[in-house]
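Results of the structural survey
One-letter residues, chain by chain:
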Amino acid sequence: MPGQVLEIEERDGTRFARVDFGGVTKEVCLEYVPDLQVGEYTIVHVGFALQRLDEESALETLELFRQLGELNAEFGDHWGMAADQAGLPRPDLEPGRGDAPTHEGAEQ
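Residues numbered from 1 in each chain as written. Predicted model: local features only at pLDDT ≥ 70, side-chain atom pairs only at ≥ 80, totals over all residues. Heavy atoms only, no water.

Let us now look at the packing of aromatic side chains. Across all of its chains, the model carries 1 aromatic pair by this definition. Each ring, one from tyrosine 32 and one from phenylalanine 48, has its centre 5.4 Å from the other, and the planes form 40°; the classification is tilted. With tyrosine 32 in the loop between β3 (24-29) and β4 (41-45) and phenylalanine 48 in strand β5 (residues 48-53), this pair connects stretches of sequence that are 16 residues apart. With a relative accessible area of 56%, tyrosine 32 lands in the exposed category. Directly above the aromatic system of phenylalanine 16 lies the positively charged group of arginine 11, at a separation of 4.2 Å from the ring centroid. (Phe/Tyr/Trp six-rings, centres within 6.5 Å; stacked < 30°, edge-to-face > 60°. Helix = DSSP H or I, 4+ residues; strand = E, 2+ residues; numbered from the N terminus. Buried < 20%, exposed > 50% of the residue type's maximum accessible area, 1.4 Å probe, protein only. Lys NZ or Arg CZ within 6 Å of the ring centre and 35° of its normal.)

Here you go:
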């Protein structure tokens, strides 16, 4: 999945980046591409940046993934999609529950 590096930080000698995947941001390890810089694009697999990618290719690929529904499949609300497919109410959308889902037994 291609994404754009938004921020970079180092923790315990390892560089990590916050990467934007067409509106969804995730933390990514930069061990395999240690010279990656903010603003550059990278291919990411299972949380690791694997290679640098030019902006045009990255944006074209993100658009194709968006058209194919792959962005939602990769980053979507899997619990909500499962509830929708089962015809059950989504707990995060129930009236009076607030914006964020709560977990049974959690302190409120």
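The structure having been displayed, the exposition proceeds.
Attention now moves to helix α1 (residues 55-68). Given a rise of 1.5 Å per residue, 14 residues ought to cover 20 Å, and the 20 Å separating the end C-alpha atoms of α1 matches this to within 8%. The backbone nitrogen of glutamate 56 lies 3.3 Å from a side-chain oxygen of the residue at the head of α1, namely aspartate 54. (Expected span 1.5 Å × (residues − 1). Polar contact = N/O pair within 3.5 Å; in protein donor to acceptor, adjacent residues only side chain to side chain.)

With that settled, the discussion passes to the pairing of strand β2 (residues 14-21). Two strands pair when backbone bridges link them, and strand β1 (residues 2-11) and β2 are joined in this way by 7 bridges, in the antiparallel orientation. Within β2, the position partnered with glutamate 7 by the bridge is arginine 18. Bridge count between β2 and β3: 6 bridges; the pairing is antiparallel. Residue pairing for β3: phenylalanine 21 is matched across the bridge by valine 24. (Pairing = 2+ DSSP bridges.)

What follows deals with unusual backbone geometry. For residues other than glycine, phi is negative in most cases, and the peptide bonds are mostly trans. Phi at aspartate 12 takes a positive value of approximately 50°, unusual for a residue other than glycine. Tracing the backbone shows aspartate 12 in the loop between β1 and β2. The exposure class of aspartate 12 is exposed, given its relative accessible area of 84%. Within the chain, valine 46 stands out as a residue other than glycine whose phi angle is a positive 45°.

Summed over the entire model, instances satisfying the criterion amount to 5 salt bridges. Between glutamate 7 and arginine 18 there is a salt bridge, with its nearest N and O atoms 3.2 Å apart. Taken together, the residues glutamate 7 in strand β1 and arginine 18 in strand β2 connect sequence positions 11 residues apart. Taking the relative accessible area as the measure of exposure, glutamate 7 reaches 41% and is therefore partly exposed. (Salt bridge = Lys/Arg side-chain N within 4 Å of Asp/Glu carboxyl O.)

Let us now look at the nonpolar core. Residues Met1, Val5, Ala17, Val19, Phe21, Val28, Leu30, Val33, Leu36, Val44, Ala49 and Leu62 constitute the largest nonpolar core, which totals 12 residues. Top element by residues in this core is β2. It accounts for 3 residues. Apart from residues lying up to four places away in sequence, leucine 30 is in contact with Ile8, Arg15, Phe16, Ala17, Leu36 and Ala49. (Core = buried A, V, L, I, M, F, W, Y, C linked by side-chain atoms within 4.5 Å. Contact = heavy atoms within 4.5 Å.)

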